Structures are given as structure tokens and as C-alpha cells.
Amino acid sequence: MSGVRVLVGTRKGAFLLTSDGHRTSWDVTGPLFGGWEIYHVNGSPKDPDRLYASQSNGWFGQILQRSDDGGRTWEAVGNDFTYEGDPGTHLFYDGSSMPWRFQRVWNLMPSATDPDTVYAGVEDAALFRSTDGGASWSELDGLRGHDSASTWAPGAGGLCLHTILPQDDSRMLVAISAAGVFATEDGGESWRPANDGLRSEFMPEPEAEVGHCVHKLAAHPERPEVVFMQKHWDVMRSDDHGRSWREISGDLPSDFGFAIDVHGHDPDTVYVVPITSDEQHFPPDGRLRVYRSRTGGDEWEPLTDGLPQEHCYVNVLRDGMAVDSMDPCGVYVGTTGGQVYGSPDGGDHWSPIVRDLPAVLSVEVQTLP
Amino acid sequence: MSAQPAPDAAAVPVRVAIPQQLRTLAGVASSEVVVQAATPLTVRSCLDALETTHPTLVGTVRDRGTGRRRPMIRIYADGEDLSDEPPDTPLPARVTDGAEPLRLVGAIAGG
């Protein structure tokens, strides 16, 4: 392994942070697409030079960008995200029905095997796929065709499909705020809710089949059946591809949060960033602490060395954490204050890679050959 | 001969002023582009021509699904606000004769 490339999406552009295997000295490139919101940048596991970026703003809508040279040059590709058929309606915050309307791409997940195949999770919630490098997009409409779709309602950030978690050639999980987790076992043709075991007190039926505000999912590629979840409140775990869930919040100072990820080599090591509450989107006690469990949940330890431990009131959004595949594993956290912190030793020690970017919306990392 | 001429059968050059972020997206350096638009010149014919010449701008000025002006884009011609006029309204003479550009303006908003 020669190094890493951290892909950072912010409120005002994208940034690429590159380093060698030591991960102590960094080159910073950017802003790319200056002035635009970059919800997500992600790279192909098959071809690390192939990157996709979701570029949008309120004036000009959605642009999809692709790079074939590791981010040196970019090309705008297809931005036609038209829902299949009559899009129907979903619920609004006040309980009224409103038509499905495309807003933006939240998440891009390139295929593990084909650089030209990439999935896009969008708001209003739907899943699209391109098999031609982003030139054209088709909705996997079996998801939005689920019987419950007309009852889906937005979370505070909108009705967004924010997590795409491929499990194998036919299985995939997606997460929607605030509908919950949905699973397919036939390559995206049909979908079922995968929320058994979730409990959300804000819902009229706290254990309903859909309606949960799931914030993020993560799984280790070599143990895909074990899935970790940061929910609105509660950190959860599934050992059966999301068929059932149990709480693993354990001794966390708060089980509210957004980001969650799994160590690059140890499937039982999980990271979260506790946030005070849904009304106070900053770390408890003004201390930015990443929490690590080495036991697959329940028992957590704070990681603080190099992170601000006073007067810190930033947030870490749902896509704000990533891990690399180096040994030891690197962990990266981006904040709404514009800092990207990196740890080259699994979270034991941290230092800021950059301090003053626009608010960070997403962090991904590529381990380069 | 078809009942209506092909759009480019009577195309004429028209100046279109576009915001900075669209210039970057279209890969043009100047604040104006010149496109060949079908006559009679209207907002619709000019935007059709703009999108044909610069396909990366499709969806950025008009909603792809509805064809309507995006809410935070305003359209001006020779001092007139055409934003809410029917898109087939003929453009003022000073735009059709090249003295003024059709102006696409991003609303002042945001932080």
C-alpha cells in the first residue's frame, strides 16, 4: 500500500487530502467545484482513479461529476434522476401528502467489481443505478414501490436515502431518514423493511415496521452479515443482514449521533461519535470524543488524544467518518467546523489534517495501491 | 416540407449572460456565451439553444421534469424581468438585435 486519499465533501466545495503510508504529512487539493455543496465524493474500489462526486446547490440543482484520473480532472456526467412511472406521494412533516420530487444526491456507492456501475441514494428517497459511468441513471423502483412508501416522512434533513450498503452480489441494505432500513436479496428488484428490534419513542407505534430515523449503517466487507447502526437515538447491531437488531449503546455518554464505522481489519472494532441530543447537535460537555468498541458494541472507550477537549461544539454528520485499509488502520473524522482529524493508529492518537475548511458533509478514504 | 421549420433552420446568434458557477460548469471563460437560437427569439428558444450548446447546463436553469425556471434563477432582458412571463414571449428588440444579452441571474440568497 502506497498511501491514502481522503475525499472530503463540504458546504462550499470538495477537497482531496493525500498522504503516504505514514499519514503524517498531507497534501491538500481544493476547493474543487468551489461554492457548490458537495454531499459526497466516493471512489471505485476496483479502480481508485475513478471518482464520483455529487455537486449541488439551491440555485442550479444537481450535477454529477466523474473523474478518471484520481481527481485531477473532472467531467460532468448525467444528472437526469427521473423517477420511474407515476411517482405518487409521501408524507410531509405535518402529515399531509406531497408528491415525490427529486432534490439531490446524498450518497454515491460505486460497485466493488465494476467502475462503471455506481448507485446513487437521493432525496426524495429513492435508489438509482448507473452502469455507464454516471452518464445515465435508472431507478430501482421496487424500493419506492414498497407498500409503505406513501407513509414515509422526512427526517430533519429531508426524506433522503443516505446509506447504500452492498452485502454481496444480490444483497443490499439501504437506509432512509425517516423510514428506516430496507433490504433486498435479489439485486434490488424487491425490498422489505429491515427494522425488527428498532424502537423509536417519537413514533406513535415505537416498534413499527417503518418510520425509524436511521442515521447511518456500517459493516466490515469480510463480515457483511454483521451490520452496525447509529440511529437517531441508540446504537444498534444486527448479526443477520439486518433481519433483526439489538441495542449495543452500552456505556456511551450519549447514544445519539450520526456517524458510525467499522475498523479496517477487525470486524469487532466499531467507532461512533456521540452527540448530546437531537436538540443539541454538538458533543457532550464540549469535548469531541470518538468512542471505540473492541467488542462489537456494549463496551466503549473514549478516544481523546489530539481531539479538542474543551469548548468544542461542532457536529460530525452521518457521512463524516471513514476508515482506511492500512496497517495500522487509519480513522478520519470531519466536522461541521471544517476540521478533518486523522488518526494513523486506529484512534489512539489524532491530529488535524486541515482545520478551516467549510462545514464538512462527508469523508471517504481510498487506500491506494 | 414540414409544417414547422426545424429549430435551426432560422437560427440566429443571441448573447446570453450566465452566472459565474454556470460558466465554470460550461467551461467558458467569459460572462456571456453566444448561442444559435431559433426564431422568433424567446426565453424558451434561447434556453433550448443554451442547453444544446452546453449540455452540462441541462437542469441547472430549468427543472428537468417540469421545464420550469428553477426558483432561484431570474431572467432579465433589456431591463425587463421576464422571470414569470410565458417562456414563448418574444424577446425585446435590443436583445434580438444583439445590443443586450439575455441575462440569467442567480437570486441573492444563502450564506
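Bear in mind that the values here come from a model prediction, so they are computed numbers and not experimental data. (Residues numbered from 1 in each chain as written. Chains lettered and ligands numbered in written order. Predicted model: local features only at pLDDT ≥ 70, side-chain atom pairs only at ≥ 80, totals over all residues. Heavy atoms only, no water.)

1. Some remarks on the interface of chain A and chain B
Argument step 1. Across the boundary between the two partners, chain A contributes 15 residues, which contact 17 residues of chain B.
Argument step 2. Together, the buried faces of chain A and chain B total about 1300 Å²; carbon and sulfur atoms form 54% of this surface.
Argument step 3. Area buried by chain A at its contact with chain B is led by Trp59, Phe60 and Asn79 of chain A, which between them contribute 54% of it.
Argument step 4. At the junction of chain A with chain B, the criterion picks out one salt bridge.
Argument step 5. Across the pair Asp80 of chain A and Arg64 of chain B runs a salt bridge whose closest N-O atoms are separated by 3.8 Å.
Argument step 6. Counting across the interface, chain A meets chain B through seven residue pairs in polar contact (both at pLDDT 80 or more).
Argument step 7. Secondary-structure elements contributing two or more residues to the side of chain A that touches chain B are strand E5 (51-57) and strand E6 (61-67) of chain A.
Argument step 8. With three residues, E6 of chain A is the single largest residue contributor to the side of chain A that touches chain B.
Argument step 9. Split into classes, the residues belonging to the side of chain A that touches chain B amount to five nonpolar, eight polar and two charged. (Contact = heavy atoms within 4.5 Å. Buried area = accessible area lost by both parts, 1.4 Å probe. Salt bridge = Lys/Arg side-chain N within 4 Å of Asp/Glu carboxyl O. Polar contact = N/O pair within 3.5 Å; in protein donor to acceptor, adjacent residues only side chain to side chain. Helix = DSSP H or I, 4+ residues; strand = E, 2+ residues; numbered from the N terminus. Nonpolar A, V, L, I, M, F, W, Y, C, P; charged D, E, K, R; others polar.)

2. Regarding the pairing of strand E14 (residues 160-166) of chain A
Residues and elements named next belong to chain A.
Argument step 1. For E14, a buried count of six out of seven residues is recorded, marking the element as mostly surrounded by other parts of the structure.
Argument step 2. Pairing analysis gives six bridges linking E14 to strand E15 (residues 172-177), with the strands arranged antiparallel. Residue pairing across strands places Thr163 opposite Ala175, the latter belonging to E15.
Argument step 3. Between E14 and E15, which pair antiparallel and follow one another directly, the connecting turn spans five residues. (Buried < 20%, exposed > 50% of the residue type's maximum accessible area, 1.4 Å probe, protein only. Pairing = 2+ DSSP bridges.)

3. Some remarks on unusual backbone geometry
Residues and elements named next belong to chain A.
Argument step 1. Along the chain, Gly30 connects to Pro31 via a cis peptide bond; the corresponding omega equals 0°.
Argument step 2. If you trace the backbone, Pro31 turns up in strand E3 (residues 27-32).
Argument step 3. A cis geometry characterises the amide bond from Glu123 onward to Asp124, with omega recorded as -5°.
Argument step 4. Relative to the helices and strands, Asp124 is located in the loop between strand E11 (118-123) and strand E12 (126-130).
Argument step 5. Here the phi dihedral of His241 falls at roughly 60°; this positive angle occurs in a residue that is not glycine.

4. Topic: the sheet that holds E6 of chain A
Residues and elements named next belong to chain A.
Argument step 1. Spatially, E4-E5-E6-E7 is the arrangement adopted by the four strands of the open sheet, whose pairing is antiparallel. Single-partner strands in this sheet number two, and they are strand E4 (37-43) and strand E7 (75-76).
Argument step 2. In this structure, E5 lies alongside E6, joined through seven bridges in antiparallel fashion. The residue bridging Ala53 from the neighbouring strand is Gln65, located in E6.

5. So, the layout of surface pockets
Empty space among the atoms can be located by rolling a probe the size of a water molecule over them.
Residue and element names in this part refer to chain A.
Argument step 1. Quantified by volume, the second largest pocket comes out at close to 750 Å³.
Argument step 2. Counting only elements with at least two residues in the lining of the second largest pocket, the list comes to E5 and E6.
Argument step 3. For the lining of the second largest pocket, the class distribution of residues is six nonpolar, twelve polar and nine charged. (1 Å grid on protein atoms, 1.4 Å probe; cavity = no way out; pocket = protein on both sides within 12 Å on 5 of 7 lines; lining within 4 Å. Points joined across faces, edges and corners; volume = space filled by probe spheres on them.)

6. Some points on the confidence of the model for chain B
The predicted structure's coordinates, where accompanied by low pLDDT, should not be read in detail.
Argument step 1. Here chain B averages 90 in pLDDT, while 90% of its residues score no lower than 70.
Argument step 2. Overall, residues 1-5 of chain B carries pLDDT values under 50, and its contacts beyond four positions in sequence, including any with other chains, amount to zero contacts. (pLDDT = per-residue confidence, 0-100.)

7. A few points about a negative patch on the surface
Argument step 1. A cluster of like negative charges, contributed by Glu84, Asp141, Asp186 and Glu189 of chain A, occupies part of the molecular surface.
Argument step 2. Position of Asp141 of chain A among the secondary structure elements: in the loop between strand E13 (138-139) and E14. (Patch = residues over 30% accessible without salt bridge, like charges linked within 9 Å, V, L, I, M, F, W, Y side chains within 5 Å. Areas by Shrake-Rupley, 256 points an atom, 1.4 Å probe, with all protein chains shown as cover. Lys, Arg positive; Asp, Glu negative; His and termini not counted. Charge placed at Lys NZ, Arg CZ, Asp CG, Glu CD.)

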